[in-house]
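For reference, the chains in residue letters:
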Amino acid sequence: MAELPGCCRPCATCLLCLYSCQWISAKKEKRKGLRTTKCDCSWFLFLFCVFLFTLVWLYFAIVILNDFHNFNEFIFKQRKLWLDWSLVLLVATAVLITYSAVLLVLALSLQLCGEPLKLHWVHKSLLIVTALVVAAAFTGLGIKWAEEWRSARISLQATGPFLHIGIVGGMTFLAWPLASFIYRSRNTGLKVFLLLVYCAVMIALYLAPLMITSPCIMEENQLPPKPALVGHRGAPMLAPENTLMSLHKAMDCDVQVFETDVMVSADGVPFLMHDEKLTRTTNVQAVFPERASLNSTAFNWTDLQQLDAGSWFLERRPFSTVKSLSAGDRKQASKQKIPSLEQVLEAAKQSNISIMFDLRPENHTDYQSFVNATLDAILQSGIPLQQILWLPDGFREQVKQQVPGVQQVYGRKRLQNEKEPLLHVNLPYQDMSSEEIRQYRQDNISVNLYVVNQPWLFSVLWCAGVSSVTTNACQVLKEMKHPIWLLPSSTYLMIWIVADCVSFLMIFWAFLLVKKCSKRRQPAESETDVLLTKINSLMQE
């Protein structure tokens, strides 16, 4: 194959070396009679598919970062090992995507230079390993974390318009090597097949916006109010979770509701704790090593007050924000103790912040006594009952009778034959569509979705009209004055049409230019062939 003008032989040789692991000049390669075979084309197709596969996984990896703290907690409960696995995920994904991308660029460059695509066996093996690793990652995601598939669908509402433009641009770029292959190849059937597939894909991409929907495609004056912020265990990125310091940090972030978890000690004192065991968020293994494996409810209040509930936060750094804490905040965090519900209610009463909590564990044999102890603490605190948002389903009717002023929050959607209308629902953000959120808003039902940490997700839910979101990143969402993007439908239509027209013109220009270059080479190649034939005849004589 002849080289395109501008593709110097040293460059072609270097590309061939990196792709084929053979330091052989293009001239010697041709003397050996090596050409791109059907097998080589199959490996190029496999390389292209692996690149797309890895690119899709990169997208998923970015999406699931919103919920990755839950994965870190899960691993700690299983293996007693704390590590920010999101860094491991991103580094591994970056290595895989970079490797496959570099190989793909090399292959496309070799095609433009007219060199054979002889992929080395080492690269073939590594590509197979890459495909297997990504397939295993997707399989694990589907088995252990299936709700993230719904998160990915929601993310398309935030990224769909921009992904469309990016994919159109990438496919437009592929017109150059495709045109080069079509004008060089002598296999008419293959050329027609590739051209038809490429045209079908481009037509589908040009029409794809007809299927793209997003709540953020709306007029500015239709934007709903900014959702209120609910602090997930306070402000866990700025202070140890479920502590008084975390509550105060949440107040500084203008959080309207402090979401927490309540347990009851062996001697009947309600206190704040999420996990059933104390090992993750206290130093129970150092203070009570023989009892560290017991449930939190097995300890009396005197024992619980001996535990350090803050140093783990500085040692394990559950969030990257811990490194940026001031010296004063670090000192304050190291002195945190497990707070009682009474202490939290007193602080909430003074600051006028609402409290929403779960009562754990729901399957405990003494759960009714837990409910009674919690209600007693609420009534004795003197906090206005409208500041209490009651989440537990157990003995809800009893709670309604004893403290009718408490706001009832349900962890489910409304039923068709609902006896009593729901006023507040609290659900995972994956469980409600934008249409359902709008309908609930029209029916004056307050919708709180959890856990929302990333600005892109907050923006989508804001545009959809959600009432509030539970978040770990209150300090980030507090600063958002506007969704990340908001496009009127007319503007989006214009962007869509312009992008498609520019893409079509560039593809047409690419095929036209490559055709002209190939015609210029043909006379030179013919003269060279005639000269080589005469030299060969003279040598034979």
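The numbering scheme is per chain: residues are counted from 1 as the chain's sequence reads. Selection of residues for local features in this predicted model requires a pLDDT of at least 70, selection of side-chain atom pairs for listing and counting requires 80 or more, and totals for whole chains, interfaces and linings are taken over all residues. Excluding hydrogens and water, the side-chain figures rest on all heavy atoms present in the structure.

## Overview of the overall build of the chain
Link 1 in the chain: Check the secondary structure of the chain and you find 21 helices and nine strands.
Link 2 in the chain: For 541 residues, the compact-globule estimate of 2.2 N^0.38 gives 24 Å, and the C-alpha radius of gyration of the chain, at 31 Å, exceeds that figure by more than 25%.
Link 3 in the chain: On the principal axes, the C-alpha backbone points of the chain span a range of 115 × 55 × 40 Å.
Link 4 in the chain: Burial classes: relative accessible area under 20% of the type maximum marks a residue as buried, over 50% as exposed, and values in between as partly exposed (1.4 Å probe, protein chains only). A total of 541 residues make up the chain; the buried ones form 48% of that total.
Link 5 in the chain: Looking at the chain alone, contacts between residues at least 24 apart form 68% of all its contacts between residues at least 6 apart.
Link 6 in the chain: Only the protein chains shown count as cover for residues, and the accessible areas themselves come from Shrake-Rupley with a 1.4 Å probe. Only carbon and sulfur atoms are counted for the fraction: they give 62% of the accessible area of the chain, which is about 27,100 Å². The way it works is that DSSP assigns letters per residue, a run of H or I at least four long becomes a helix, a run of E at least two long becomes a strand, and they are numbered from the N terminus. With C-alpha atoms as the basis for the radius of gyration, the globule rule is written as 2.2 Å multiplied by the number of residues raised to the power 0.38. By definition, residues are in contact when any of their heavy atoms lie within 4.5 Å.

## Considering the state of the cysteines
Link 1 in the chain: In plain terms, two cysteine sulfur atoms within 2.5 Å form what is called a disulfide here. In total, this model carries one disulfide according to the counting rule given.
Link 2 in the chain: Covalent S-S linkage joins Cys 216 and Cys 463, the inter-sulfur distance amounting to 2.3 Å. Between Cys 216 and Cys 463, the S-S torsion sits near 95 degrees, and that sign places the bridge as right-handed. In this pair, Cys 216 sits in the loop between helix 9 (188-207) and strand 1 (228-232) while Cys 463 sits in helix 19 (residues 455-464), placing the two residues 247 residues apart along the sequence. The exposure classification of Cys 216 matches that of Cys 463, with both residues buried.
Link 3 in the chain: The thiol of Cys 474 is unpaired, and the distance to the nearest cysteine sulfur, on Cys 253, comes to 3.0 Å.
Link 4 in the chain: With relative accessibility at 0%, the residue Cys 474 sits in the buried group.
Link 5 in the chain: Looking at the unpaired Cys 501, the closest cysteine sulfur is the one in Cys 199, lying at 16 Å.

## A word on the side chain of Ser 100
Link 1 in the chain: By secondary structure assignment, the location of Ser 100 is in helix 5 (residues 85-113).
Link 2 in the chain: Dropping the residues within four chain positions of it, Ser 100 is found in contact with Leu 47, Val 50, Phe 51 and Thr 54.

## A look at the environment of Leu 195
Link 1 in the chain: Mapped onto the fold, Leu 195 is located in helix 9.
Link 2 in the chain: Note: C-alpha distance between Leu 195 and Trp 390 (195 residues apart in sequence) is 62 Å.
Link 3 in the chain: When near neighbours in sequence (up to four residues on either side) are disregarded, Leu 195 contacts Ile 182 and Phe 511.

## What about the confidence of the model for the chain?
One rule of thumb: low pLDDT means the predicted coordinates there are not for detailed reading.
Link 1 in the chain: pLDDT runs from 0 to 100 and stands for how confident the predictor is about each residue. Here the chain averages 90 in pLDDT, while 92% of its residues score no lower than 70.
Link 2 in the chain: Every residue in residues 1-6 scores below 50 in pLDDT, and together they form 22 contacts with partners more than four places removed in sequence or on other chains.
Link 3 in the chain: Predicted confidence for residues 528-532 stays below pLDDT 50, and this span has zero contacts to residues more than four positions away or in other chains.

## A closer look at a nonpolar patch on the surface
Link 1 in the chain: What makes a patch is a set of residues exposed beyond 30% relative accessible area and free of salt bridges, joined within 9 Å when like-charged and within 5 Å when nonpolar (Val, Leu, Ile, Met, Phe, Trp, Tyr). Any Lys or Arg side-chain nitrogen located within 4 Å of an Asp or Glu carboxyl oxygen qualifies as a salt bridge. A contiguous nonpolar patch, built from Leu 190, Phe 193, Val 197 and Val 201 and spanning about 310 Å² of accessible area, is present on the exposed surface.
Link 2 in the chain: By secondary structure assignment, the location of Val 197 is in helix 9.
Link 3 in the chain: A relative accessible area of 38% means that Val 197 is categorised as partly exposed.

## Concerning the pairing of strand 4 (residues 354-359)
Link 1 in the chain: Counting buried residues along strand 4, five of its six residues qualify, which places the element largely inside the surrounding structure.
Link 2 in the chain: The pairing of strand 2 (residues 257-264) with strand 4 spans six bridges and is classified as parallel. Bridge pairing in strand 4 places Asp 261 opposite Asp 358.
Link 3 in the chain: In this sheet, strand 5 (residues 388-390) lies alongside strand 4 in parallel orientation, the contact comprising three bridges. Looking at the pairing, Met 356 lines up with Leu 389 of strand 5. Pairing between strands is defined by DSSP: at least two bridges between the two strands are required.

## Quick look at unusual backbone geometry
Link 1 in the chain: Here the amide bond leading from Arg 360 into Pro 361 is cis, since omega sits at -15 degrees, within 30 degrees of zero.
Link 2 in the chain: Cis geometry is found at the peptide bond from Tyr 450 to Val 451, where omega equals -20 degrees.
Link 3 in the chain: Of note, the phi angle at Asp 254 is positive, near 65 degrees, even though the residue is not glycine.
Link 4 in the chain: Its location among the elements puts Asp 254 in the loop between helix 10 (244-252) and strand 2.
Link 5 in the chain: The phi torsion at Phe 395 lies on the positive side, around 60 degrees, for a residue other than glycine.

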